[in-house]
Amino acid sequence: LESALALFRRAGRVDASMHRARLAVLARGGLSAQAEGAMRDMAAAGFVLDLRAYGALVDAHCTANDVEAAIDVLARARAAGVQPDEGMFGALVDACARSGSFSTAMGLIEEMEAQRLPVEALRESCREVLSERARRAADIERDNLREGVSDSPLWTERFKFWLGLPNDLYAQDE
(Lines give C-alpha, C1' and ligand atoms only; values in the text may rest on other atoms or scores of the structure.)
Protein backbone atom coordinates (compact mmCIF):
# COMPACT_ATOMS: atom_id res chain seq x y z
CA LEU A 1 0.00 0.00 0.00
CA GLU A 2 2.64 2.48 1.04
CA SER A 3 4.86 1.66 -1.94
CA ALA A 4 1.94 2.23 -4.33
CA LEU A 5 1.21 5.60 -2.75
CA ALA A 6 4.92 6.53 -2.85
CA LEU A 7 4.96 5.75 -6.57
CA PHE A 8 2.01 8.11 -7.05
CA ARG A 9 3.82 10.89 -5.15
CA ARG A 10 6.95 10.47 -7.29
CA ALA A 11 5.08 10.51 -10.59
CA GLY A 12 5.64 13.61 -12.66
CA ARG A 13 2.53 13.94 -14.77
CA VAL A 14 -0.54 12.37 -13.19
CA ASP A 15 -3.43 11.42 -15.44
CA ALA A 16 -6.99 10.33 -14.57
CA SER A 17 -6.09 6.63 -14.55
CA MET A 18 -3.35 7.25 -11.98
CA HIS A 19 -5.78 9.17 -9.79
CA ARG A 20 -8.28 6.30 -10.04
CA ALA A 21 -5.51 3.79 -9.22
CA ARG A 22 -4.63 5.86 -6.14
CA LEU A 23 -8.28 5.83 -5.11
CA ALA A 24 -8.47 2.06 -5.60
CA VAL A 25 -5.36 1.48 -3.44
CA LEU A 26 -6.76 3.67 -0.68
CA ALA A 27 -10.13 1.92 -0.94
CA ARG A 28 -8.58 -1.54 -0.55
CA GLY A 29 -6.87 -0.30 2.58
CA GLY A 30 -10.08 1.21 3.96
CA LEU A 31 -8.35 4.58 4.18
CA SER A 32 -11.50 6.58 3.61
CA ALA A 33 -10.25 9.98 4.81
CA GLN A 34 -7.28 9.76 2.45
CA ALA A 35 -9.54 8.54 -0.35
CA GLU A 36 -11.75 11.61 0.18
CA GLY A 37 -8.60 13.74 -0.13
CA ALA A 38 -7.57 11.90 -3.29
CA MET A 39 -11.02 12.55 -4.75
CA ARG A 40 -10.68 16.27 -3.97
CA ASP A 41 -7.21 16.25 -5.58
CA MET A 42 -8.63 14.60 -8.67
CA ALA A 43 -11.38 17.22 -8.98
CA ALA A 44 -8.95 20.07 -8.30
CA ALA A 45 -6.71 18.77 -11.10
CA GLY A 46 -9.67 19.15 -13.47
CA PHE A 47 -10.50 15.48 -13.94
CA VAL A 48 -14.09 14.33 -14.22
CA LEU A 49 -15.23 12.30 -11.25
CA ASP A 50 -16.76 9.25 -12.92
CA LEU A 51 -18.40 6.03 -11.79
CA ARG A 52 -15.02 4.37 -11.13
CA ALA A 53 -13.90 7.24 -8.90
CA TYR A 54 -17.15 7.35 -6.91
CA GLY A 55 -17.20 3.54 -6.74
CA ALA A 56 -13.69 3.46 -5.27
CA LEU A 57 -14.70 6.05 -2.68
CA VAL A 58 -17.79 4.02 -1.75
CA ASP A 59 -15.53 0.95 -1.42
CA ALA A 60 -13.16 2.87 0.86
CA HIS A 61 -15.97 3.86 3.21
CA CYS A 62 -17.49 0.37 3.12
CA THR A 63 -14.12 -1.21 3.91
CA ALA A 64 -13.78 1.23 6.80
CA ASN A 65 -17.28 0.17 7.99
CA ASP A 66 -18.64 3.70 7.59
CA VAL A 67 -22.01 3.04 5.96
CA GLU A 68 -23.32 6.57 6.45
CA ALA A 69 -20.34 8.07 4.62
CA ALA A 70 -20.71 5.51 1.82
CA ILE A 71 -24.40 6.41 1.43
CA ASP A 72 -23.38 10.08 1.36
CA VAL A 73 -20.98 9.32 -1.52
CA LEU A 74 -23.84 7.61 -3.36
CA ALA A 75 -25.89 10.82 -3.00
CA ARG A 76 -22.93 12.92 -4.18
CA ALA A 77 -22.47 10.67 -7.22
CA ARG A 78 -26.12 11.03 -8.15
CA ALA A 79 -25.98 14.80 -7.66
CA ALA A 80 -23.03 14.84 -10.09
CA GLY A 81 -25.09 12.91 -12.65
CA VAL A 82 -23.29 9.61 -12.08
CA GLN A 83 -25.64 6.63 -12.10
CA PRO A 84 -24.57 3.89 -9.64
CA ASP A 85 -23.99 0.43 -11.05
CA GLU A 86 -24.45 -3.01 -9.54
CA GLY A 87 -20.89 -2.94 -8.13
CA MET A 88 -21.52 0.23 -6.15
CA PHE A 89 -24.93 -0.98 -4.97
CA GLY A 90 -23.44 -4.37 -4.09
CA ALA A 91 -20.72 -2.84 -1.92
CA LEU A 92 -23.32 -0.71 -0.15
CA VAL A 93 -25.77 -3.59 0.44
CA ASP A 94 -22.97 -5.77 1.76
CA ALA A 95 -21.76 -3.02 4.12
CA CYS A 96 -25.34 -2.42 5.31
CA ALA A 97 -25.84 -6.13 5.98
CA ARG A 98 -22.56 -6.32 7.90
CA SER A 99 -23.49 -3.32 10.04
CA GLY A 100 -27.07 -4.43 10.69
CA SER A 101 -28.61 -1.59 8.67
CA PHE A 102 -31.19 -3.86 7.08
CA SER A 103 -33.73 -1.16 6.25
CA THR A 104 -31.09 0.72 4.27
CA ALA A 105 -30.01 -2.52 2.57
CA MET A 106 -33.60 -3.25 1.53
CA GLY A 107 -34.03 0.29 0.18
CA LEU A 108 -30.91 -0.14 -1.95
CA ILE A 109 -32.09 -3.54 -3.18
CA GLU A 110 -35.45 -2.04 -4.15
CA GLU A 111 -33.61 0.66 -6.12
CA MET A 112 -31.56 -2.00 -7.89
CA GLU A 113 -34.69 -3.95 -8.78
CA ALA A 114 -36.39 -0.77 -10.05
CA GLN A 115 -33.38 -0.12 -12.29
CA ARG A 116 -33.44 -3.77 -13.38
CA LEU A 117 -29.95 -4.38 -12.03
CA PRO A 118 -29.17 -8.00 -11.10
CA VAL A 119 -29.62 -8.77 -7.40
CA GLU A 120 -29.29 -12.57 -7.31
CA ALA A 121 -25.56 -12.54 -6.56
CA LEU A 122 -26.29 -10.35 -3.53
CA ARG A 123 -28.57 -12.98 -2.05
CA GLU A 124 -25.72 -15.44 -1.59
CA SER A 125 -23.25 -12.91 -0.23
CA CYS A 126 -25.89 -11.54 2.17
CA ARG A 127 -26.75 -15.06 3.33
CA GLU A 128 -23.08 -15.52 4.19
CA VAL A 129 -23.05 -12.20 6.05
CA LEU A 130 -26.15 -13.18 8.06
CA SER A 131 -24.64 -16.59 8.85
CA GLU A 132 -21.53 -14.84 10.14
CA ARG A 133 -23.69 -12.43 12.16
CA ALA A 134 -25.60 -15.37 13.65
CA ARG A 135 -22.35 -17.00 14.76
CA ARG A 136 -21.29 -13.77 16.42
CA ALA A 137 -24.79 -12.63 17.48
CA ALA A 138 -24.06 -11.80 21.11
CA ASP A 139 -20.97 -9.72 20.34
CA ILE A 140 -22.67 -7.92 17.45
CA GLU A 141 -25.79 -7.10 19.47
CA ARG A 142 -23.68 -5.68 22.29
CA ASP A 143 -21.63 -3.58 19.84
CA ASN A 144 -24.74 -2.36 17.99
CA LEU A 145 -26.45 -1.34 21.21
CA ARG A 146 -23.35 0.54 22.30
CA GLU A 147 -23.06 2.29 18.91
CA GLY A 148 -26.81 2.73 18.32
CA VAL A 149 -26.56 1.06 14.89
CA SER A 150 -28.99 -1.83 14.82
CA ASP A 151 -32.28 -1.72 12.93
CA SER A 152 -35.58 -2.88 14.36
CA PRO A 153 -36.27 -6.63 14.43
CA LEU A 154 -38.92 -6.09 11.75
CA TRP A 155 -36.29 -4.95 9.23
CA THR A 156 -34.09 -7.88 10.14
CA GLU A 157 -36.97 -10.24 9.37
CA ARG A 158 -37.83 -8.44 6.13
CA PHE A 159 -34.23 -8.72 5.02
CA LYS A 160 -34.18 -12.44 5.89
CA PHE A 161 -37.44 -12.87 3.95
CA TRP A 162 -35.88 -11.24 0.87
CA LEU A 163 -32.93 -13.63 1.21
CA GLY A 164 -35.29 -16.59 1.37
CA LEU A 165 -34.19 -17.49 4.89
CA PRO A 166 -36.49 -18.70 7.65
CA ASN A 167 -37.88 -15.71 9.49
CA ASP A 168 -40.49 -14.61 12.00
CA LEU A 169 -42.04 -11.96 9.76
CA TYR A 170 -45.46 -13.57 9.60
CA ALA A 171 -45.41 -15.42 12.92
CA GLN A 172 -46.47 -12.19 14.65
CA ASP A 173 -49.87 -12.27 12.92
CA GLU A 174 -50.92 -15.63 14.38
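Residues numbered from 1 in each chain as written. Predicted model: local features only at pLDDT ≥ 70, side-chain atom pairs only at ≥ 80, totals over all residues. Heavy atoms only, no water.

Draft legend 1. Expanded view of the pattern of salt bridges. Under the definition given, this model contains nine salt bridges. We note a salt bridge from aspartate 50 to arginine 20, for which the minimum N-O separation is 3.4 Å. Placement of the pair is aspartate 50 in the loop between helix H3 (32-44) and helix H4 (51-63) and arginine 20 in helix H2 (residues 16-28), with a sequence separation of 30 residues. Of the two residues, aspartate 50 and arginine 20, both sit in the buried class. With a closest N to O distance of 3.3 Å, aspartate 72 and arginine 76 form a salt bridge. (Salt bridge = Lys/Arg side-chain N within 4 Å of Asp/Glu carboxyl O. Helix = DSSP H or I, 4+ residues; strand = E, 2+ residues; numbered from the N terminus. Buried < 20%, exposed > 50% of the residue type's maximum accessible area, 1.4 Å probe, protein only.)

Draft legend 2. Summary view of the nonpolar core. Core analysis: the largest hydrophobic core is formed by 43 residues, its most contacted members being Leu23, Val58, Leu92 and Phe159. Broken down by secondary-structure element, the contributors of at least two residues to this core are H2, H3, H4, helix H5 (67-79), helix H6 (86-99), helix H7 (102-114), helix H8 (120-135) and helix H10 (153-163). With eight residues, H6 is the largest single contributor of residues to this core. Excluding residues within four positions of it along the chain, valine 58 makes contact with Ala70, Val73, Leu74, Met88, Ala91 and Leu92. (Core = buried A, V, L, I, M, F, W, Y, C linked by side-chain atoms within 4.5 Å. Contact = heavy atoms within 4.5 Å.)

Draft legend 3. Highlighting the packing of H4 against H6. Across the interface, H4 lies against H6 with an axial gap of 9 Å and an inter-helix angle of 10 degrees. By the angle class used here, H4 and H6 are roughly parallel. Contact residues: H4 offers Leu51, Tyr54, Gly55, Val58, Asp59 and Cys62, while H6 offers Met88, Ala91, Leu92 and Ala95. Class assignment of the residues belonging to the contact of H4 with H6 gives a composition of eight nonpolar, one polar and one charged. (Axes fitted to C-alpha atoms, helices over the stretch in contact; angles between N-to-C directions. Parallel < 35°, antiparallel > 145°, perpendicular 65-115°, else oblique. Nonpolar A, V, L, I, M, F, W, Y, C, P; charged D, E, K, R; others polar.)

Draft legend 4. Up close: the environment of glutamine 83. Along the chain, glutamine 83 falls in the loop between H5 and H6. Overall, the relative accessible area of 48% leaves glutamine 83 in the partly exposed class. For the pair glutamine 83 and tyrosine 54, spaced 29 residues apart in sequence, the C-alpha separation works out to 10.0 Å. Excluding its chain neighbours within four sequence positions, the residues that come into contact with glutamine 83 are Leu51 and Gln115.

Draft legend 5. Looking closely at the environment of aspartate 15. Residue position: aspartate 15 is located in the loop between helix H1 (2-10) and H2. Through-space distance from the C-alpha of aspartate 15 to that of alanine 45 is 9.1 Å; in sequence the pair is 30 residues apart.

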